[in-house]
Amino acid sequence: MDVKIQQEWKEKLQGEFGKEYFRNLAAFLHAEKGAGKTIYPPGSLIFNAFELTPLSKVKVVILGQDPYHGPNQAHGLSFSVPDGIPAPPSLKNIYKEIESDLGIKINKNGNLENWAKQGVFLLNAVLTVRASEPASHSKIGWTEFTDAVIKTISDNSEGIVFMLWGNFARGKKELIDSTKHYILEAAHPSPLARGAFFGCKHFSKCNEILKNIGKTPIDWSL
């Protein structure tokens, strides 16, 4: 697969694309398409997070698990949906926390591109999914690739705020050098966590950290 990915990322991740796991991953996706399977997000958006947030611009990382598997929802940014698509339950809970934490009332738009353009890297651990089948691509090699991405950010940057929500995301802590980055942990914003996410105040904490280290805080309003 010819990986169309933003140049900075391409240079840093070049070593991954030649590895056997990545070649197998590409072959698997090619076979899925050949068998007539619908895959989300569309091919042009698989690396959308990388396109919108080059490595040198990353200030914050919000790690998701799997793309949305419904029609027109996934567009390559964790938790985000394109314009005109209603915000899914986890994203609604993120908005509730922002409102309670910062007093910002967010409209119904679920598109988080504005965050991405400010340096919020919205990375899913798995970058594709088969339509209507959650986690269907979770074992094809994507996590090996995105683990390398997280480590690349940790190794090549300073003072990044990592927001790890839920046990899956928290399991990535070992990839991050906590002596030079900031790790904020909370329950997952999914309704299945029964509201445990609320009150984490990650959005104000994040901006406080960024200000303290001389970086521009994120405007979380959309």
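Bear in mind the structure is a predicted one, so any value in this text is a computation, not a measurement.

Basis of the calculations
Residues numbered from 1 in each chain as written. Predicted model: local features only at pLDDT ≥ 70, side-chain atom pairs only at ≥ 80, totals over all residues. Heavy atoms only, no water. Pairing = 2+ DSSP bridges. Helix = DSSP H or I, 4+ residues; strand = E, 2+ residues; numbered from the N terminus. Axes fitted to C-alpha atoms, helices over the stretch in contact; angles between N-to-C directions. Contact = heavy atoms within 4.5 Å. Salt bridge = Lys/Arg side-chain N within 4 Å of Asp/Glu carboxyl O. Buried < 20%, exposed > 50% of the residue type's maximum accessible area, 1.4 Å probe, protein only. Core = buried A, V, L, I, M, F, W, Y, C linked by side-chain atoms within 4.5 Å. Polar contact = N/O pair within 3.5 Å; in protein donor to acceptor, adjacent residues only side chain to side chain. Phe/Tyr/Trp six-rings, centres within 6.5 Å; stacked < 30°, edge-to-face > 60°.

## Some remarks on the sheet that holds strand S2 (residues 60-64)
Step number 1: Strand order across the open sheet formed by 4 strands is S3-S2-S5-S6, with parallel pairing between neighbours. Strands with a single pairing partner mark the edges of an open sheet, and in this sheet they are strand S3 (120-124) and strand S6 (182-186). When the angles between neighbouring strand axes are averaged without regard to direction, this sheet yields 20°.
Step number 2: Here 3 bridges tie S2 to strand S5 (residues 161-165), and the two strands are oriented parallel to one another. The residue bridging Val 61 from the neighbouring strand is Phe 162, located in S5.
Step number 3: Sheet contacts for helix H6 (residues 142-156): S2, S3 and S5; angle to S3, the most-contacted strand, approximately 155°.

## Side note on the pattern of salt bridges
Step number 1: Within this structure, the stated rule accounts for 8 salt bridges.
Step number 2: In this structure, Glu 133 and Arg 130 form a salt bridge, with 2.8 Å as the shortest nitrogen-oxygen distance.
Step number 3: The class for Glu 133 is partly exposed, based on a relative accessible area of 34%.
Step number 4: A relative accessible area of 16% means that Arg 130 is categorised as buried.

## Considerations on the nonpolar core
Step number 1: Membership of the largest hydrophobic core comes to 67 residues, with the highest contact counts inside it found for Phe 50, Trp 142 and Phe 145.
Step number 2: Here Phe 50 is in contact with Ile 5, Gln 6, Trp 9, Leu 13, Phe 121, Leu 123, Leu 127, Phe 145 and Val 149, once residues within four sequence places are set aside.

## Focus: the side chain of Lys 172
Step number 1: Its location among the elements puts Lys 172 in the loop between helix H7 (166-170) and S6.
Step number 2: Separated by 2.7 Å, the side chains of Lys 172 and Asp 147 make a polar contact.

## Some thoughts on the packing of aromatic side chains
Step number 1: Scanning all chains against the criterion turns up 20 aromatic pairs.
Step number 2: Between the aromatic rings of Trp 9 and Phe 50, the centroid separation amounts to 5.1 Å while the plane-to-plane angle is 80°, which identifies the pairing as edge-to-face. With a gap of 41 residues between them, Trp 9 in helix H1 (residues 7-17) and Phe 50 in helix H3 (residues 48-52) connect regions that are remote in the sequence.
Step number 3: On the basis of relative accessible area, Phe 50 is assigned to the buried category, the value being 1%.
Step number 4: Taking the centre distance of 6.1 Å and the plane angle of 70° together, the rings of Phe 47 and Trp 142 count as edge-to-face. Placement of the pair is Phe 47 in the loop between strand S1 (39-40) and H3 and Trp 142 in helix H6, with a sequence separation of 95 residues. The burial state of Phe 47 is the same as that of Trp 142; both residues are buried.
Step number 5: Taken together through their ring pairs, the aromatic side chains of Trp 9, Phe 17, Tyr 21, Phe 22, Phe 47, Phe 50, Phe 121, Trp 142 and Phe 145 make up a single cluster.

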